[in-house]
Every structure is written in structure tokens, then in C-alpha cells.
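Architecture at a glance
Each chain, letter by letter, is given below.
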Amino acid sequence: MKHEARKILIQYMQRWSLIPDGDCFYTRSGLLQPVRFEDVPAMLKIPMEAEEKRGSLLMVWWDGCGAARVLNYDEQVLLLERLSGGRPSLAEMAKNGQDDEASCIICSVAAKLHSRGKRPLPALIHLADWFSDLWPAANKYGSVFDECARIAKDLLNSPQEIVVLHGDLHHENVLHSRIHGWVAIDPKGLAGERTFDYANIFCNPNEEIALTPGRLSRQLNVISKEASLDPKRLLQWIAAWAGLSAVWSITEGEDAKVALEIAELAIAGLRK
């Protein structure tokens, strides 16, 4: 897969007359190459998984409305504006006493993404399918997973405000553009209830902040007001998402501590 991505990289560097502007590097699901395109800093992205390809098509569909601007694309590659920023990242803001402000910025970006026009949509994954790994985990592990699965099923059986979703909206996926302000990158390409897109904020930007005593209830108030959400329903989506996130972490052999503790805090909040 990596060899094929390298071949595609060389091909499109030539085809689009791109100039290397740094070393290429791999992520879990793609190959990235900093370039200059018509003297503009850009990033050439070669997706290596279906999920990334779906996200690339969604970036094209958003056409810069709340998302990084696409400079060129086809089925195999995506050329994006390079987000050098010049401002502190949202994670840095949250670490330096501006957690509320960072959350509000994410909310403002989400509002743009959710309001994008009604042109024909690219292929998207529905939330009911996105949550499919949670059901067997509930049967296997029980306890908090069982409760998260029950909450998720209730939400998915009574959807509200269906929109195109980013699917992985958090501090590291919202970056600053000198020209266009705060914009999103790396969407998953989902469709479902808009409240879902705010749940991942609560598991981020790191363990220390996410698990700060009182942080969940404070951010619940900030985000529900900023995004005009029902606090109880948001709390339900937090529990559902955190349960799913924990399942994926366990499956990948990673630490699920943050997701599990957030799920437990959300469930406790729903019982009050």
C-alpha cells in the first residue's frame, strides 16, 4: 500500500507541477507531502483507506465552507491549502486557560459544516452503521459498555436534526487558516444527528484536561448554549460516543482510560 501511494505521489507531483516544500510523511491512513502549488503553500494528500477517500470527497463537497479549501483533486488525491496558522492551536488554548473559547470555536466550525448547501451528496456512512462495533462489545464486556449501547440505540432509534457530519471533530482537527479563519480537516464522512459531532470535544484535547474535575459539566453548559443543543441529549451522545471510542481503543490495544471515564461521568450525569 505504501509503495503504491509513493507511485501516486510522484505521478501527481509531475501532473500538477507541484514543488516539494518539505519531507513527505505517513499517517495511519494516508501519505502527505507539503508542496507549493502556483506559489501557494499546499498539502498533497494520498488516502490509503476507504474512510480517508470518503473524507476527501466530503472536503470537496464542503468547498471551503467550514473546511480547509481544496485546491485540486481527483479520485486518488487531494490538494489542500496548507494551514500554517500563526495562532495558538485549540489544544494550546485549552491548556492555557481558554478551554471555553476553544470549544466555542469548534462549535462555530461545526455550524458551518452542518449548514452546507443541498448539492448532491458524496457517499456517507450513517451513524447506525458507525456504531456497529459497540453492540458486540456490550455483550462481551457488559458494565459501562452495556449502558453506552443502550443509550446509543435509543438515540439512533429517534434521530433529530439529520445533517452531514464531520465525524471526528476535536481540537486537533480544527486548524487556523490565515485567509479563512478556523476550518476543519480529516472528516470521516458521516450522516446523522448533528448533536453527535460535539461529543468528541469532551474526550479532548488530552487526558489531563478532559478528566479535570468539573470540566465535563462546565463544557456541557458552554457547548449546549453555543450550539443550541439540548444538554441532556448532548450528555447522551457523549456517553454513546465515549463507549464506542473505548471499544476502538481496546481493539487497537490502546489505553481506553479517558473514553471510559468520560462515559462513566456522562452516565452519572444522566442519572441525576
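Reference entry: report on the structure contained in this document.

Cut-off values and rules
Counting from 1, residues in each chain are numbered in the order their sequence is written. Residues qualify for local features only when their pLDDT is at least 70, as the model is predicted, and side-chain atom pairs are given and counted only at 80 or more; totals for whole chains, interfaces and linings, by contrast, use all residues. In computing side-chain properties, one takes all heavy atoms of the structure into account and sets aside hydrogens as well as water. Think of it this way: any DSSP run of H or I at least four residues long counts as a helix, any run of E at least two long counts as a strand, and we number them from the N terminus. We compute the radius of gyration over the C-alpha atoms and compare it with the globule rule, which gives 2.2 Å times the number of residues raised to the power 0.38. Here's how the labels work: a residue is buried when its accessible area is under 20% of the maximum for its type, exposed when over 50%, partly exposed in between, all with a 1.4 Å probe on protein chains only. The contact criterion used throughout is that any non-hydrogen atoms of two residues lie within 4.5 Å. With residues, only the protein chains shown are counted as cover, and all accessible areas are computed by Shrake-Rupley using a 1.4 Å probe. His is not counted, nor are the chain ends; Lys and Arg add positive charge and Asp and Glu add negative charge. For charged residues, the charge sits on one atom: NZ in Lys, CZ in Arg, CG in Asp, CD in Glu. One requirement defines pairing of two strands: DSSP has to find at least two bridges between them. Expected span of a helix: the number of residues minus one, times 1.5 Å.

Some words on the overall build of the protein chain
Helix and strand counts for the protein chain come out as 11 helices and 11 strands. Against the globule reference of 19 Å for 272 residues, the protein chain gives a C-alpha radius of gyration of 19 Å, in line with a compact fold. Buried positions account for 53% of the 272 residues belonging to the protein chain. Relative to all contacts within the protein chain whose residues are 6 or more apart in sequence, the contacts with residues 24 or more apart total 66%. Here the protein chain has roughly 13,100 Å² of accessible surface; of this, 49% comes from carbon and sulfur atoms. Of the side-chain charges in the protein chain, 31 are positive and 36 negative, and the distance between the mean point of each set is 2 Å.

Observations concerning the sheet that holds strand 7 (residues 125–126)
Spatially, 7-11-8 is the arrangement adopted by the three strands of the open sheet, whose pairing is mixed. The open sheet is flanked by strand 7 and strand 8 (162–165), the only strands paired with a single partner. Here strand 7 runs beside strand 11 (residues 190–193); their pairing, made up of two bridges, is parallel. Residue pairing across strands places isoleucine 125 opposite leucine 190, the latter belonging to strand 11.

What about helix 10 (residues 231–251)?
Taking 1.5 Å per residue as the helical rise, helix 10 with its 21 residues ought to reach 30 Å, and the 30 Å between its terminal C-alpha atoms agrees with that figure. Within helix 10, 16 of the 21 residues are buried, which leaves it mostly tucked inside the rest of the structure. Glycine 253 lies just past helix 10 and shows a positive phi near 75 degrees.

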